[in-house]
Each structure stands twice: as C-alpha cells, then as structure tokens.
Amino acid sequence: MASSNSYKLRCSIPGHEMDVRGLATAVFPEGAFVSVSRDRTGRVWVPNSSPDRGFTEMHCMSGHSNFVSCVCIIAPSETYPRGLIATGGNDNNICVFTLDQPQPLFTLKGHKNTVCTLSSGKFGTLLSGSWDTTAKVWLNEKCMMTLQGHSAAVWAVIILPEQGLMLSGSADKTIKLWKAGRCEKTFTGHEDCVRGLAVISNTEFFSCSNDTSIRRWLVTGECVQVYYSHTNFIYSLAVFPNGQDFVSTGEDRTLRIWRNGECSQTIRLPAQSVWCCCILPNGDIAVGASDGIIRVFTESEDRMASVEDLQAFEDELSKATIDPKTGDLGDIKVEDLPGREHLNEPGNRDGQTRLIKDGQKVEAYQWSVSDGRWMKIGDVVGGSNQQTSKSVMYEGKEYDYVFTIDVNEGGPSMKLPYNVSEDPWLTAHNFLQKNDLSPMFLDQVANFIIENTKGHVVGPAQPAGGDPFTGGARYIPGSADDRPGFGADPFTGSGRYIPGSGPNPGASVGVADPFTGGGAYSSAALRRTTTNIYFPKTDGVTFEQANASQIIAKLKELNGGAPQEHRLSEEILENLESLLLSVSGPNSSEPPLTIQQINLLWKASHWPDDIVFPVLDIMRLAVRHPQVNETLCGEAEGVQLCNHLLSLMRPEGRPANQMLALRTLCNCFSGRHGRALLMAQRETVLSRAADLATVCNKNIHVALATLVLNYAGCLHSQPDLEAKAQCLSVASRALETVQDREAVFRLLVALGTTVASDQTAKDLARSLGVNSQISKYSSVSDPAKVGECCQLILKELQ
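Keep in mind the model is a prediction, meaning the values are calculated, not measured.

Can you walk me through the sheet that holds strand E10 (residues 115-120) in this structure?
Within a sheet, neighbouring strands are paired by backbone hydrogen bonds and run either parallel or antiparallel to one another. Across the sheet, four strands lie side by side as E10-E11-E12-E13; this open sheet has antiparallel pairing. Across the chains shown, the open sheet's two edge strands, defined by having one partner strand only, are E10 and strand E13 (142-148). Taken pair by pair, the neighbouring strands of this sheet meet at an average axis angle of 20°, ignoring direction. In terms of strand pairing, E10 meets strand E11 (residues 126-130) through five bridges, oriented antiparallel. Within the sheet, the bridge partner assigned to Ser119 lies in E11 and is Leu127.

How should the environment of Glu301 be read in this particular structure?
Mapped onto the secondary structure, Glu301 falls in the loop between strand E28 (294-300) and helix H1 (307-318). Spatially, the C-alpha atom of Glu301 lies 9.5 Å from that of Ser6, the residues being 295 residues apart in sequence.

What's the story with helix H4 (residues 442-452) in this structure? I'm lost.
Along an α-helix, residues three or four positions apart point the same way, because every turn accommodates 3.6 residues. Among the residues of H4, Leu442, Gln444, Val445, Ala446, Phe448 and Ile449 are the ones counted as buried. For H4, the elements touching its buried residues are strand E35 (401-405), strand E36 (414-418) and helix H3 (424-434).

I'm lost on the pattern of salt bridges in this one. Help?
A side chain of one charge can pair with a side chain of the opposite charge if their charged atoms are brought near each other. Going through the model one piece at a time under the given rule, you end up with 26 salt bridges. Here Lys554 and Glu557 are joined by a salt bridge, their closest N and O atoms 3.1 Å apart. You can see Lys554 and its partner Glu557 sitting in helix H6 (residues 548-561), three residues apart, about one turn around the helix. Classification of Lys554 by relative accessible area gives buried; the value is 4%. Taking the shortest distance from any N to any O, the salt bridge between Arg746 and Glu742 comes out at 2.7 Å. Taken together, the residues span about one helical turn, with Arg746 and Glu742 both in helix H17 (residues 741-755) at a distance of four residues. Across the pair, exposure class does not vary: Arg746 and Glu742 are buried alike. Taken together, the salt bridges that share partners define one network made up of Lys8, Glu314, Asp371 and Arg373.

Got a minute to help me understand the packing of helix H7 (residues 570-584) against helix H8 (residues 595-604) in this structure?
The axes of two packed helices give the description: the angle between them and the distance between them. At a closest axis distance of 9 Å, the pairing of H7 and H8 adopts a crossing angle of 110°. Between H7 and H8, the crossing angle belongs to the class labelled roughly perpendicular. Contacts from Glu571, Ile572, Asn575, Leu576, Ser578 and Leu579 of H7 reach H8 at Gln596, Gln597, Ile598, Leu600, Leu601 and Ala604. Of the residues in the contact of H7 with H8, the class split is seven nonpolar, four polar and one charged.

Sorry if this is basic, but what is going on with the sheet that holds strand E3 (residues 33-37) here?
Taken in spatial order, the four strands of this open sheet run E2-E3-E4-E5, and their pairing is antiparallel. A strand with exactly one partner marks an edge of an open sheet, and here the two such strands are strand E2 (20-25) and strand E5 (55-62). Looking at each pair of strands side by side, their axes are set apart by 25° on average, direction ignored. Bridge count between strand E4 (residues 41-47) and E5: seven bridges; the pairing is antiparallel. Considered in E5, the bridge of Arg43 is made with Cys60.

Looking at this model, I keep getting lost on the pairing of strand E20 (residues 213-218). Mind explaining?
Here E20 lies mainly inside the structure; five of its six residues are buried. In this sheet, E20 lies alongside strand E19 (residues 204-209) in antiparallel orientation, the contact comprising five bridges. Within the sheet, the bridge partner assigned to Phe206 lies in E20 and is Arg216. Hairpin connection from E19 to E20: three residues lie between these consecutive antiparallel strands, with Thr212 at a positive phi of about 75°. Note: E20 against strand E21 (residues 223-228), five bridges, orientation antiparallel. By the bridge assignment, Ile214 is partnered in E21 with Tyr227.

Before we go on, may I ask you to explain the packing of aromatic side chains in this structure?
Remark: the centre distance and the inter-plane angle together describe each pair of aromatic rings, the angle taken between the planes. A full pass over the atoms with the stated rule returns 17 aromatic pairs. On the basis of an interplanar angle of 40° and a centroid distance of 4.3 Å, the ring pair of Phe206 and Phe246 is categorised as tilted. In this pair, Phe206 is assigned in strand E19 and Phe246 in strand E23 (residues 246-250), connecting sequence segments 40 residues apart. For the pair Phe206 and Phe246, a shared accessibility class is recorded, and that class is buried. Ring geometry for Phe297 against Phe313: centres 6.1 Å apart, planes inclined by 65°, an arrangement best described as edge-to-face. Here Phe297, found in strand E28, pairs with Phe313, found in helix H1; they are 16 residues apart in sequence, far enough to count as distant. Comparing Phe297 with Phe313 shows no difference in burial state: the two are buried. Aromatic rings pair up to connect Phe206, Tyr227, Phe246 and Trp258 into one cluster. Above the face of the Trp275 ring, Arg21 is positioned so that its terminal group lies 3.7 Å from the ring centre.

What exactly am I supposed to notice about the nonpolar core here?
In this structure, Leu662, Leu707, Leu748, Leu751, Ile774 and Tyr777 are the most contacted members of the largest nonpolar core, which totals 101 residues. It is helix H15 (residues 698-715) that contributes the most residues to this core, 12 residues altogether. Once residues within four sequence positions are removed from consideration, Leu751 is found in contact with Leu728, Ala731, Leu735, Val770, Ile774 and Ile793. Judged by nonpolar contacts, the second largest core, of 23 residues, contains Ala171, Cys193, Leu432 and Ile449.

About the thresholds
- Residues numbered from 1 in each chain as written.
- Predicted model: local features only at pLDDT ≥ 70, side-chain atom pairs only at ≥ 80, totals over all residues.
- Heavy atoms only, no water.
- Pairing = 2+ DSSP bridges.
- Helix = DSSP H or I, 4+ residues; strand = E, 2+ residues; numbered from the N terminus.
- Axes fitted to C-alpha atoms, helices over the stretch in contact; angles between N-to-C directions.
- Buried < 20%, exposed > 50% of the residue type's maximum accessible area, 1.4 Å probe, protein only.
- Contact = heavy atoms within 4.5 Å.
- Salt bridge = Lys/Arg side-chain N within 4 Å of Asp/Glu carboxyl O.
- Parallel < 35°, antiparallel > 145°, perpendicular 65-115°, else oblique.
- Nonpolar A, V, L, I, M, F, W, Y, C, P; charged D, E, K, R; others polar.
- Phe/Tyr/Trp six-rings, centres within 6.5 Å; stacked < 30°, edge-to-face > 60°.
- Lys NZ or Arg CZ within 6 Å of the ring centre and 35° of its normal.
- Core = buried A, V, L, I, M, F, W, Y, C linked by side-chain atoms within 4.5 Å.

Here it is in structure tokens:
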C-alpha cells in the first residue's frame with residue numbers, strides 16, 4: 001500500500017446537526033467508529049466500499065435529554081461480545097447502548113452536573129468525570145466509588161493499564177492519580193485547565209491543556225517533555241499504536257500530527273473548534289468539529305479523496321474567515337504585512353502561516369511541505385486599521401465587545417471579552433471557568449452574548465449591554481440602595497430589577513445576631529465564654545428588606561407590556577400599592593388592610609411566570625402582616641397558597657420565582673397560621689425545596705437554608721423524629737452542593753437546632769455521617785461564625 005507520509009483528506013461526513021463533541025474507535029464492526037454530538041445523538045459509522053471511500057451510518061442512538069459530550073467503548077464480554085457504547089451528557093447522565101438498539105440498555109445516574117469525559121477499563125469498569133468536580137467509578141450498573149479532590153470541573157479521565165490506577169484532569173489545572181479510590185499523587189505544571197489525557201504505556205501518559213501545551217508524564221510524577229505548536233486551547237489527544245507518535249486538536253482550527261516529539265504536519269479545518277479525534281485501526285485519523293462535520297484523514301494514497309474533493313476541501317478552507325484576535329495566527333501587526341510577492345518564498349516548516357495584504361484585504365496562507373506550496377486558509381477579518389482602532393482593549397488584547405458582569409451584588413464585577421467571529425458558547429464556557437462560576441449558567445451567558453451582539457459586524461465596540469446574572473438599572477428586593485443598572489437579565493427577561501438579595505439577605509437590620517452581620521456580634525465573645533449563641537434557634541428568620549417605590553415601578557412597567565388579558569386595571573394597581581405601603585411601612589400609621597386588597601394580591605400572584613416576580617415580592621412582604629398571614633395561610637386558603645408557591649419552585653422554573661417563593665414560605669413562619677400551615681405541609685414543602693439545592697444561585701441557597709432552619713426551629717421542642725430526620729436529610733444533601741457561606745452557616749444552624757437536646761436526633765445525625773460531612777467547615781474563619789458553629793455541632797455529636 002503506497003503511503004505519502006503526509007495525511008490528506010479521505011472523506012467528510014456531514015452526519016450531525018451540531019458540534020461533534022466525542023469520537024471513539026469501535027471494536028465491531030472492523031474499521032468502525034462512534035461519534036456523539038450536541039444534537040443529542042450518538043452514531044456508529046462503518047467504512048463503505050463506494051468510490052468516495054467514505055463511511056455509512058449503521059446505527060443512531062438517542063437517550064439523552066441534552067447535549068451529548070463524550071463517548072467511550074466498553075470492551076467485549078461474554079454477555080456482550082461486540083462490546084457496549086457509553087455516552088455522557090449535559091443531562092448529568094451516562095447512557096450505555098448495545099450496537100443494535102437505539103435506546104439505552106441502561107442509564108447511570110449520580111453525577112450532579114454535565115458528564116464530560118468517560119474511560120473504560122477491564123472487567124466492564126467505567127470511569128466518568130463531570131463538571132460537578134468529581135469522578136465516579138461504575139461497575140455492573142452501580143456507582144462503586146466517587147473520587148473527590150478536584151476543586152473544579154473534571155474534564156478528562158483515563159484508566160491506566162495497571163489495574164486500579166486511574167487519572168483525572170481538571171479545570172483546577174491539576175492531574176490526579178487515584179489508586180483504589182484514593183488520591184495517590186497530584187501532578188502540577190499546566191497553567192490552565194487540563195482538557196485531555198491519553199495513555200502511552202503502564203508508566204507514561206500525555207496531557208493537553210487550555211495553556212496550549214501538551215505534556216508527557218511519568219506516573220511517578222515527573223514531567224519529562226513539553227510540546228508546543230498549538231496557538232489556542234488543546235481539546236483532545238490520541239496516541240498511535242507505536243506509543244510514541246500522537247495527534248492533537250484544538251481551538252486554533254487544527255489537527256496536528258506529532259512524530260518523534262515534533263509537530264510534523266498541521267492540517268487546518270474550516271471550523272473554529274476541533275473538539276475531538278480518534279485513530280482508526282488502519283492508522284487513519286477521524287476528527288469532529290464545531291461545524292457538525294466529521295472528517296477522516298489518511299496517509300494511504302489509495303484511500304485519499306479524489307482530486308476534485310481535495311480541491312473542494314481546500315476551497316472551503318480558503319473561504320474561512322479568521323479573526324486575528326483569537327490568537328490562531330499569533331501576534332500580528334496588520335500594517336506591517338507584505339504583499340502577494342511574499343508567497344514566492346517557500347516556507348521552512350509544514351503548517352507555517354503567512355499573512356499577506358491584497359489591496360484592502362488580508363489573507364492567510366499555510367505552507368504545505370507535501371505539496372511544496374502555500375495554501376490559502378482564509379480571509380482575516382477585523383484586520384484593517386480602521387476596524388481595529390474601534391475595538392476595546394482588555395488585558396492587552398483588542399476585542400469587539402467587553403461586557404461588565406456583576407455576579408453578586410456588592411461583589412467585584414467581572415469582564416467578559418468577546419469577538420464577533422468567536423463561538424458564543426465557547427466564550428461563555430471560558431468566562432465561567434476563568435471566574436470559577438457554575439457551568440449551569442452556560443446557556444444563559446451564551447444567549448446573553450448572542451442577544452447583545454445581534455446584527456453587529458466585526459469592529460466597533462458596543463455600549464456594555466445587559467448582565468446575565470444581575471441585569472441592571474433595577475431594584476433589588478432585599479436591598480435598600482439604588483444600584484446602577486447593567487442591562488437585560490436572562491433570569492427575569494427584559495426587566496431591570498433583580499429579585500436578589502442585598503448585603504444582608506436575612507433578618508431585619510440592627511439585631512445583635514450572627515444572621516444579620518449588623519456589627520453588634522463579635523466572634524471574640526464566643527471565645528471568652530462557653531455560651532452557644534447559634535443554636536437552638538427557635539425564632540423564625542425572615543426576609544425583611546424592601547424598596548417599595550421600585551417594586552411598584554417594576555410592577556407598572558411589566559403591566560404596561562403585559563398581554564391584554566393579563567393587564568391589571570389602575571384600580572388594582574392602586575390597591576396593590578396601598579397594600580405594599582401598609583405592610584412595609586416603618587410604623588402602624590399606615591391605613592389598615594382590606595380583604596379586597598388581599599384577594600387582589602392573591603389573584604395577581606397568578607400572573608404569567610415571566611412577569612409575576614414583583615407581585616411575589618409584595619406577597620413575600622405581606623405574609624408577615626398578621627391579617628394577611630391569617631387570610632392567606634388559614635385553613636381554607638392555606639393549601640392553595642402552598643400549592644401555588646410549590647408550583648413556582650419546580651426545578652425547571654425561573655430562578656427569580658423560585659427564590660421569591662422560598663422567601664415567602666420563610667416569612668409565613670412569622671405568623672401562627674403560617675406556621676401551622678407549613679408544619680402540616682412539611683413533607684411536600686421540604687422535598688420540593690431540597691431539589692433547588694442543585695440550582696446554582698446563592699440567593700436561592702440562602703432562602704432554602706433559611707426555610708430548613710425555620711422548620712428546625714419549629715421542630716426543636718417536638719418529639720417528631722420523622723420530621724427531624726427530613727430536616728437532617730435536606731440540610732445534609734444541601735451541604736453537598738451549596739457553596740455560599742451564609743447559606744452554609746444557616747444549614748449548620750439548622751443541623752445544630754435539630755440535634756440540640758435530642759439524643760435520638762443526635763444518633764440519627766451520626767448514622768447519616770453528618771460529622772464527617774461538616775468537619776471541613778470547622779476551620780473556616782471567614783466568616784468566623786461558620787467555623788465556630790461547626791465546632792459546636794461536632795461537640796454535640798461526640
């Protein structure tokens with residue numbers, strides 16, 4: 001078989017509707033491979049005998065409810081002689097398929113976020129990595145071990161040939177070696193997220209990273225070589241059977257072939273992100289990219305595409321647009337570029353790029369050693385002085401946009417730089433990773449970028465748009481200050497009001513209480529005395545803060561844009577305004593409430609989900625008023641109120657509504673009728689509330705923790721072990737995902753209140769492993785109340 005020693009296109013397979021995110025070589029049939037995509041499908045491709053030397057789709061698999069991120073093959077066994085296919089997705093699940101059924105054979109559930117990497121080992125072992133920062137080991141449809149130790153998403157996992165050894169690579173920039181479920185070694189050296197791992201032998205492996213480097217490691221810990229050639233993030237690696245040569249793909253639009261430690265060939269693709277690659281048994285290379293196309297490259301001349309197809313591929317590549325700001329071409333000064341005559345000089349290495357000016361256009365060319373010529377790889381956009389002069393500078397680079405994002409009220413703002421030619425999903429992902437934010441915001445940030453850059457050409461900077469986390473020019477329930485705005489908000493729509501929290505998302509200001517942080521409490525006081533000032537806490541914690549004028553202004557604004565059938569009359573608006581002033585006024589001189597006003601509030605709370613939040617904020621304040629508490633929480637209407645708030649708290653609901661519904665429930669505890677109602681509905685309310693721990697929103701977490709705390713306070717003097725068990729379970733589960741320190745503190749107080757003075761509750765807490773779960777908080781000193789409260793609970797549970 002003739003070989004040119006240089007890879008060329010064999011075929012292009014337009015088999016997916018969206019990005020191809022994972023590829024794996026199949027055991028059966030011979031020469032086949034599997035692909036998975038953001039289009040939620042997996043597909044098996046087999047070589048065909050047609051003149052186009054292509055592949056045919058043999059099998060399509062569907063079972064994920066969201067993007068499919070990764071795939072691996074589970075080796076053949078007696079039960080499944082053709083092996084199995086495992087896929088991981090953004091729905092947090094792993095689906096396992098046979099080669100002849102479109103639906104999964106079984107589904108593995110356990111991860112709390114996207115499953116983004118899979119690897120299989122001997123005896124049917126499966127290793128998975130997730131954005132939830134863990135890796136899990138699965139066998140016989142069960143999770144056998146959870147590997148915890150990374151502080152950010154686990155992007156890559158691999159099982160080493162030596163039994164019991166596993167590797168994980170993470171966005172925390174480290175690689176960890178695990179043996180029998182324990183971390184044996186941590187490898188440091190990469191300067192950014194570790195994105196891929198590949199086995200060389202029993203004792204060596206490769207890693208690749210967003211820092212544009214590939215590293216070769218010994219399992220004993222030494223990095224023995226670093227490889228540089230890529231100009232942007234590197235996403236995947238695959239090793240040739242000789243265990244020395246390998247291939248890599250990345251965000252610089254390239255597939256690179258490495259021989260004898262050098263990059264011997266660079267193949268550019270007409271797609272920004274080349275997400276994945278695999279090496280087929282015959283030495284051909286398959287790659288998947290952001291344009292949804294799988295391309296197979298070969299060095300065997302009899303499998304190469306026809307001259308016409310090779311020319312068509314080159315033409316497609318030449319029409320690509322390249323933004324110099326992505327760094328794919330290195331640092332360039334457009335004004336210094338030579339003309340077309342520069343292409344008469346040969347290149348000195350394969351893949352070398354050269355930019356030339358052709359009139360007003362800037363074109364990019366790449367040197368091909370095998371062809372002995374410069375191939376056009378695209379037009380450079382945003383390259384003229386006129387265009388770049390209008391760009392925004394950020395961290396020494398120019399961008400078309402630099403958005404200001406305020407994630408937490410009062411916290412530091414974050415910058416999100418963006419160029420029109422970039423993939424908004426990738427930009428959003430990188431922003432979340434860089435700022436250590438939850439990947440659950442991916443869709444929101446990406447859609448925010450798309451919305452705020454619609455119809456704009458590369459070049460001029462736009463005014464900073466909205467903020468996908470806090471929006472802007474809006475009032476914040478729970479904050480008395482008038483904050484400047486930041487634009488549209490995907491949580492609440494086009495409004496500029498944040499149903500969030502102010503600096504003190506808790507009880508009323510000025511109480512000498514660790515919940516308010518009002519300054520009257522000093523942690524030093526605890527060290528001087530043995531008094532436990534934290535628990536049991538039996539008086540309810542409520543959400544008091546409000547800015548009545550801004551709530552009403554937002555209500556009127558949304559009412560003006562509401563569909564005709566939902567629009568409230570001026571009379572209703574006046575009644576709601578009067579009610580709000582009555583329940584939020586500083587003194588009792590406000591006019592008394594009427595039943596009509598309370599009924600109108602109840603009716604308005606059934607507004608459409610996308611505009612109801614200011615009404616919920618009024619209800620949150622109103623239920624503290626004895627008359628409203630009795631009317632809405634009484635025997636007749638109470639269950640209706642409860643069901644309505646629970647419907648707003650469903651997991652797929654809007655975070656603003658979820659948070660305000662939780663706060664309303666917390667405030668119901670301020671009245672006798674509200675307490676009775678919530679105690680009667682405890683099981684349902686706490687079950688639904690517990691599901692919201694997985695929503696990545698600190699205001700929701702604080703409200704959830706407060707609700708659990710209020711239940712614990714009501715149950716403190718009661719011998720209802722079943723109810724206390726639910727409080728312990730919900731608090732314990734929430735502590736697995738909640739990060740916000742104020743929410744953690746309130747959950748700890750809830751635990752302490754539940755076990756205080758109740759030996760059976762203490763025994764139950766011990767059996768649930770609460771001690772080991774919370775011990776990590778005992779050393780927290782910022783804020784000190786977290787560590788101090790934790791130490792007191794551990795003392796109770798001794």
